[in-house]
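Observations on chain architecture
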Amino acid sequence: MEENNIKKPGGKKRFNFYWIYVILTVILFGVYFAGRDEAPQEEVDLGQLIELLQQGEVSKIDLINKENAEIYLNEKGLAKRFPEVKADRKGTSPTPNYTYRIGSLERFEETVERVQQESEVAHPVYINNVQHKSWGWELLLNLLLPLILLVVFWMVLMRGMGRGNMGGGQIFNIGKSKAQLFDKDNVPVNVTFKDVAGLEEAKVEIIEIVDFLKNPTKYTRLGGKIPKGVLLVGPPGTGKTLLAKSVAGEANVPFFSISGSDFVEMFVGVGASRVRDLFNNAKQKAPCIIFIDEIDAIGRARGKNPMNGGNDERESTLNQLLTEMDGFGTNSGVIVLAATNRADILDKALMRAGRFDRQIYVELPDLIGRKEIFEVHMRNLKLAADVDRDFLAKQTPGFSGADIANVCNEAALMAARKSKDEIGKQDFLDAIDRIIGGLEKKNKIITADEKKVIAFHEAGHATTSWLLQYAHPLVKVTIVPRGKSLGAAWYLPEERQITTKEQLYHEMVATMGGRAAEQVVFGQISTGALSDLEKVTKQAFAMVTYYGLDEEIGNLSYYDSTGQQDYALTKPYSEKTAEVIDQQVSKLVEKAYHEALDILNSHRDGLTQLANQLIEKEVIFGEDLEHIFGKRPWDQDTNQPEASNNEPTTENHEGQ
Ligand code: ADP
Ligand code: MG
Ligand code: ZN
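Given the structure is predicted, the values throughout are model-derived calculations rather than measurements.

When its secondary structure is counted, the protein shows 23 helices and 15 strands. Here the protein holds 656 residues, and the buried ones make up 45% of them. Sequence-distant contacts, at least 24 apart, represent 74% of the contacts inside the protein between residues at least 6 apart. Summed over its atoms, the accessible surface of the protein is roughly 35,300 Å², and 52% of this surface lies on carbon and sulfur atoms.

With 22 residues, helix α18 (residues 501–522) ought to run about 32 Å at 1.5 Å a step, and its terminal C-alpha atoms sit 31 Å apart, in line with that. A bend of about 45° at G513 is the largest found in α18. The buried fraction of α18 amounts to 17 of the 22 residues, a majority that puts the element mostly inside the structure. G523, located one to two residues past α18, shows a positive phi value of around 70°.

Our next topic: the packing of aromatic side chains. According to the stated counting rule, one finds nine aromatic pairs in the structure shown. Considering the side-chain rings of Y100 and F108, the 5.4 Å spacing of their centres and the 15° angle between planes classify their relative orientation as stacked. Here the two residues Y100 and F108 agree in accessibility, since each one is buried. Members of the aromatic cluster, joined through ring pairs, are F541, Y546 and Y559. When the ring centre of F391 is taken as reference, the NZ or CZ atom of K425 above it lies at 4.5 Å. It is K591 that lies over the ring of Y505; its NZ or CZ is 4.8 Å from the centre.

On to the pairing of strand β3 (residues 68–73), then. For β3, the buried fraction is high: five of the six residues fall into the buried class. Relative to β3, strand β2 (residues 58–64) runs antiparallel, the two being bridged by six bridges. Bridge assignment links L63 to a residue of β3, and that residue is A69. Between β2 and β3, which pair antiparallel and follow one another directly, the connecting turn spans three residues, one of which, N65, has a positive phi of 55°. Examined bridge by bridge, β3 and strand β4 (residues 98–101) share four bridges and lie antiparallel to one another.

Turning to the site of ligand 1, a few remarks are in order. Close to ligand 1 lie 16 residues; G237, K240, T241, L242 and H377 are nearest. In the environment of ligand 1, an oxygen atom lies 2.5 Å from a nitrogen or oxygen atom belonging to the side chain of T241. Contacts to ligand 1 include L242, whose backbone N or O atom sits 2.8 Å from an oxygen atom. When ligand 1 is considered free in solution it has 560 Å² of accessible area, and contact with the protein chains removes 81% of it. Mapped onto the shell around ligand 1, the elements with two or more residues apiece are α8 (240–251), α13 (367–378) and α15 (401–417). Looking at the shell around ligand 1 residue by residue, the class counts come to eight nonpolar, six polar and two charged.

Once that is clear, we can look at the packing of helix α9 (residues 270–285) against helix α11 (residues 312–327). The geometry of α9 relative to α11 is characterised by a closest axis approach of 7 Å and an angle of 25° between their N-to-C directions. In terms of orientation, α9 lies roughly parallel with respect to α11. Of the two elements, α9 crosses α11, and the hand of that crossing is right-handed. Here V270, G271, A272, V275, R276, F279 and K283 of α9 come into contact with α11, specifically with E313, S316, T317, Q320, L321, E324 and M325. Along the lines of polarity and charge, the residues of the contact of α9 with α11 split into six nonpolar, four polar and four charged.

Parameters and conventions
- Residues numbered from 1 in each chain as written.
- Chains lettered and ligands numbered in written order.
- Predicted model: local features only at pLDDT ≥ 70, side-chain atom pairs only at ≥ 80, totals over all residues.
- Heavy atoms only, no water.
- Helix = DSSP H or I, 4+ residues; strand = E, 2+ residues; numbered from the N terminus.
- Buried < 20%, exposed > 50% of the residue type's maximum accessible area, 1.4 Å probe, protein only.
- Contact = heavy atoms within 4.5 Å.
- Areas by Shrake-Rupley, 256 points an atom, 1.4 Å probe, with all protein chains shown as cover.
- Expected span 1.5 Å × (residues − 1).
- Bend = angle between axes of the 7 residues up to and from the residue.
- Phe/Tyr/Trp six-rings, centres within 6.5 Å; stacked < 30°, edge-to-face > 60°.
- Lys NZ or Arg CZ within 6 Å of the ring centre and 35° of its normal.
- Pairing = 2+ DSSP bridges.
- Near = heavy atom within 4 Å.
- Polar contact = N/O pair within 3.5 Å; in protein donor to acceptor, adjacent residues only side chain to side chain.
- Nonpolar A, V, L, I, M, F, W, Y, C, P; charged D, E, K, R; others polar.
- Axes fitted to C-alpha atoms, helices over the stretch in contact; angles between N-to-C directions.
- Parallel < 35°, antiparallel > 145°, perpendicular 65-115°, else oblique.
- Left-handed = near helix turned anticlockwise from the far one by under 90°.

Here it is, written out as C-alpha cells:
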C-alpha cells in the first residue's frame, strides 16, 4: 500500500472532498429538472385525440415503447391551440404537444386509422413506432439518479463519521487503517521517559522491548523468541498511554499509534480490513512498534452463544487481529503494544502465548510514585517556597497520575484566580479537596479510619501467611487501592503439582487472616473480606467434595471432569450427604478462622507494627516482615523468591 493513507500529523491539508459531492448533487438535480422541462405535454383522452384527428390538426404521432403516444400538431393545430409555438420547416411542432396513454395498442391503431378514413383529411397521419426513445433518460431518472444520490448521501455520512481522524474520509479509504505514524521525519510527541514518573519496572520492560527490536540477534542467537505482543494493564489514568507515547519518542523506530475504537465502524468488514492494512503497513516499516490503545474496544471476549449474534463486526475484527498476530514471525521486527484498563474482559485468545504473551502492570502510584509525579507536573509551575512534595504525596492516597496532573493544574488555576504570582501550599490543598470531591462519587477515596482497617486487614494476611509453614511466602503487601479492591497482597506460590491437605488448610488460615485481624484489633468485622470469604468457601467446598480430604465424606469426589453433568440441577449425592457437606465445609472454614485468631492474638505486637508500617509506607515487602518476625524457620533457601520465575499471585480484597 502507499503510505499516504497514513495520516501524517502536520502534513499538507487534503483537498476537501465535500465539494465534489456538492457539485455532483447540483449537476444531477440540474439534469433531473432539465429532463422534466423538456416535455410539459398535456395528456389527452381518446375523445380529444379523435377530435384533433378529425379536425386535421395532427402532424404526427410517435408511439413510445408501445405505451405512450406523443402527438405533434401541425401548423393549423398550433395556430389554434399553441399560438406561441412556431412550427418547424416541415410544418410540425418541434416538441410533442400532447400525450396519450395507450391501453390496447391494436385498438388504438385501429381507431386512429378509422377516424382518419372517415373524416378524409388531406394528409393522413401514420403512427411512428419509436422504440426506447427516452429509454436512457428514463433509466437515469428512475434508477440511476436515486442510486447516485444514495451513494453521495452515504459518502457524506461516512465523512461525518470518520471526521476528526482523517482529512479526506474518502469512501475508498474506509478499509485503510487510521493509524498515526511517528518516525524519524515526524516526531510530534515530545514525551520521553523523563515525563513518566515512577513505573520503573514498566519502563525497564519497555526498554527491553525496544532493545529487542534494535538488536534482535542478541536475543535470538540463543534460540529465544522475541515477544510479539505486550499488554499494558492498569487502572485509568495511571500513565499507560503516556508510557506508550514515550516509547515513540525514545525508541527511534517507526511507531504506529491507533485506538481500538478506530477499528470499529458501522460497516461490516471494515474493522478486519483496517487491521490487515495496519499490519501490512507495519511489516513494510519493520522494525517498528504498533500501539493499540484501549484494546478492549475490540478485544472483548467473544460471545459464547452463537445464537446471540452479539457483535459480529467486532468479533471479526478481533479474529483478524489474532490471525495477523499469528501470521507474522517472531523475528519479523514488529512488536504490538496494547493498553487497557479492562484486562479482565479481554478475550482469552488474545493473551495466549505468541500473542500478547507479556503483560506489564501499571498500578496506581504509591507514596514515592506520587511524589515523583508531582515533581514531573510541577516542572513548569511557579511554586512558592512552602510547597512540600512529600506532604502533598501523603495527602493524595489513591490518586492516579492523571488525578495528580489535574491537582497541579487546578492549583495553578486557583492561584491565578487570586492573582497570585506563585502557587502556594494552600492552593494545592484546595485543589486536592476539589478533586477528592469529584473522586468521592467514584468511591475511590479512603478515609483515615478506613485506611487503618485496611492496613490491619492486610497485615493480618501477611502475618498469618508468614507464620504458617505451608502458606505461600509473601512478596509484597499494599494498601494502595487497585480497581475495586482496597488492598492486595502478593504471594509467591511454590511450584507444586500435588497439594497436601495441610497446605490447603494453611492457605485458608492465611486468607481468613484479614478478617481475623479486624476482629482481634477492632473487635468488629467489616464487609471488606468478601472476596476472602468467597475464596475460602470455594476452597473448603473443593476439599470436601472434590479432593476427598474430609473424614466424614471420605474418599469420594463429586467432580465431573467431562463437564457433561449439570450438577446445578441434579446433585450426584443424597440430601443427607448434602447436609453433611454443608456442615463439614462450615466446620473447616470456622476452624481456619479460629486458628487465624489464635495466631494473631499471640503475635499482636508484630501485627500492629506491620500495620503501622503499612499505613506509613503503603507498600511493604518480604524483607520488612523478616525484620519484624524474623526469618521463617522452614525457609532454608532464603533468596528463593528472587531466584524463582513464578508469577506472584495476587489477592484482592473487595470493598463493600
Ligand atoms: P491511561 O493509563 O488511562 O492511559 P494516561 O497515560 O492517559 O492514562 O494518563 C493521563 C495523564 O495523567 C497523562 O497525560 C499525565 O499527564 C498524567 N500521568 C499519568 N501517569 C503519570 C506518570 N506516571 N507520570 C507522569 N504523569 C502521569
Ligand atoms: Mg489511555
Ligand atoms: Zn483480605
